[in-house]
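# Geometric and topological summary
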Amino acid sequence: MKSTFEKFQLKNKVALVTGASRDLGFDACCALAEAQATVAITSRSKQKAKDAAEKLTDTYGIDAIGLELDHTNWNDVQRVKQDMLDWKGRIDILINNAGGGALLGETNLFKREPKAITSLIESNLIGPLFMCKAIGEIMIKQKSGKIINIASIAGLVGRNRDMYHRNDKNEQAIDYAAAKGGVIAMTRDLAALLAPYGVCVNAVSPGGFDKGELPASFVADYSAATMLGRMGKLDSDLKGIILFLASSASDYVTAQNIIVDGGFTFSK
Ligand SMILES: NC(=O)c1ccc[n+]([C@@H]2O[C@H](COP(=O)([O-])OP(=O)(O)OC[C@H]3O[C@@H](n4cnc5c(N)ncnc54)[C@H](O)[C@@H]3O)[C@@H](O)[C@H]2O)c1
């Protein structure tokens, strides 16, 4: 029987992380690499994916590959599935990270371009669903696997827009909440569908992370609204939960949505 510490080790496990050349996706890759997983990074830019994979190999001494992928394009998804099978013949861990707010143009629903709404829902919900369809099939055959869908607290709670307006910042779009709520619901139902095959499916819902690009006044406002008094930190706050859900330390955990938000969602 493995010790709890041993259960967190990912040697000989193959992971695929989407949209992971930077920020939270790259953090997830680093957490897996620290535990010695083999990691495939995808990005819409082949060069960025390759550069990030090289960085992982240099830093952690693991086997890594960079693959081009637009996860909203079914042909791309099928190609990456085949690339993965050709490369290692299996996928133990899928992290659906690609997506995000991409708050360009008008984000207020009543001024927002319908095309922007469709595109955001495609990249945050349809893409992850395509990936679950393609990679889930491999996991069914293997009779094992871990799927982690990166959702958001936007999929759980409504947001008072004052904080955005008084800091002269684009407000969160309603379609982002719709897509991330969809990811959480998809996670639960997919967990039920895949449980008989030994595949665990969970979501992680981060709160706001400070990536160094937000106005200081917004960071201060947001921090004050969390219980822990700060925004999430890159290179740190998401990694632990990723490693837990990707490893056999979480073998009895499925259909969950783990909130990583410093208490924001439950703070009044
Ligand atoms: N940063 C936050 O505060 C925060 C909070 C809650 C949830 N999240 C979620 O965490 C995930 C990562 O966020 P981040 O802040 O690191 O974002 P990011 O923008 O830095 O990274 C997201 C990546 O997804 C890629 N992507 C977007 N659409 C794509 C498509 N169609 N095909 C392929 N790749 C695509 C982007 O190019 C980018 O590389 C996202 O799903 C986001 O919604 C982030």
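Our subject is the structure that appears above.
So, here's what we can say about the structure. (Residues numbered from 1 in each chain as written. Predicted model: local features only at pLDDT ≥ 70, side-chain atom pairs only at ≥ 80, totals over all residues.)

The strand order across the open sheet formed by seven strands is S3-S2-S1-S4-S5-S6-S9, and the pairing between neighbours is parallel. Strand pairing shows two members of the sheet lacking a second neighbour, strand S3 (64-68) and strand S9 (257-260), which therefore form its edges. Averaged over all adjacent pairs, the angle separating strand axes in this sheet is 20°, with direction ignored. Here strand S6 (residues 199-206) runs beside S9; their pairing, made up of four bridges, is parallel. From the neighbouring strand, Ser 205 faces S9, where its bridge partner is Ile 259. Those strands touched by helix H7 (residues 174-194) are strand S5 (145-150), S6 and S9, and its axis lies near 165° from that of S6. Sheet strands touched by helix H9 (residues 239-246): strand S1 (14-17), strand S4 (93-96), S5, S6 and S9. Its angle to S5, the strand with the most contacts, is close to 150°. (Pairing = 2+ DSSP bridges. Helix = DSSP H or I, 4+ residues; strand = E, 2+ residues; numbered from the N terminus. Axes fitted to C-alpha atoms, helices over the stretch in contact; angles between N-to-C directions. Contact = placed C-beta atoms within 7 Å.)

A few words on the environment of Thr 72. Along the polypeptide, Thr 72 turns up in the loop between S3 and helix H4 (74-87). Residue classification places Thr 72 among the buried residues on the basis of 21 C-beta atoms within 10 Å. Thr 72 sits 59 residues away from Met 131 along the chain, and the two C-alpha atoms are 8.9 Å apart. Excluding residues within four positions of it along the chain, Thr 72 makes contact with Glu 122, Ser 123, Ile 126 and Gly 127. (Buried ≥ 20, exposed ≤ 12 C-beta atoms within 10 Å, placed from the backbone.)

So, on to the site of the ligand. Looking at the ligand, there are 23 residues lining it, with Gly 19, Asp 23, Leu 24, Gly 99 and Ser 152 nearest. For the shell around the ligand, the leading source of residues is helix H2 (residues 23-34), giving three residues. The residue makeup of the shell around the ligand, split by class, is six nonpolar, 13 polar and four charged. (Near = placed C-beta within 6 Å. Nonpolar A, V, L, I, M, F, W, Y, C, P; charged D, E, K, R; others polar.)

So, on to the packing of H4 against helix H5 (residues 114-142). Contact pair H4 / H5: the axes reach a minimum separation of 10 Å and the direction vectors enclose 25°. Between H4 and H5, the crossing angle belongs to the class labelled roughly parallel. With respect to the hand of their crossing, H4 and H5 are arranged in right-handed fashion. Within the contact between the two elements, H4 uses Trp 74, Val 77, Gln 78 and Lys 81 and H5 uses Phe 130, Met 131, Ala 134, Ile 135 and Ile 138. Looking at the contact of H4 with H5 residue by residue, the class counts come to seven nonpolar, one polar and one charged. (Parallel < 35°, antiparallel > 145°, perpendicular 65-115°, else oblique. Left-handed = near helix turned anticlockwise from the far one by under 90°.)

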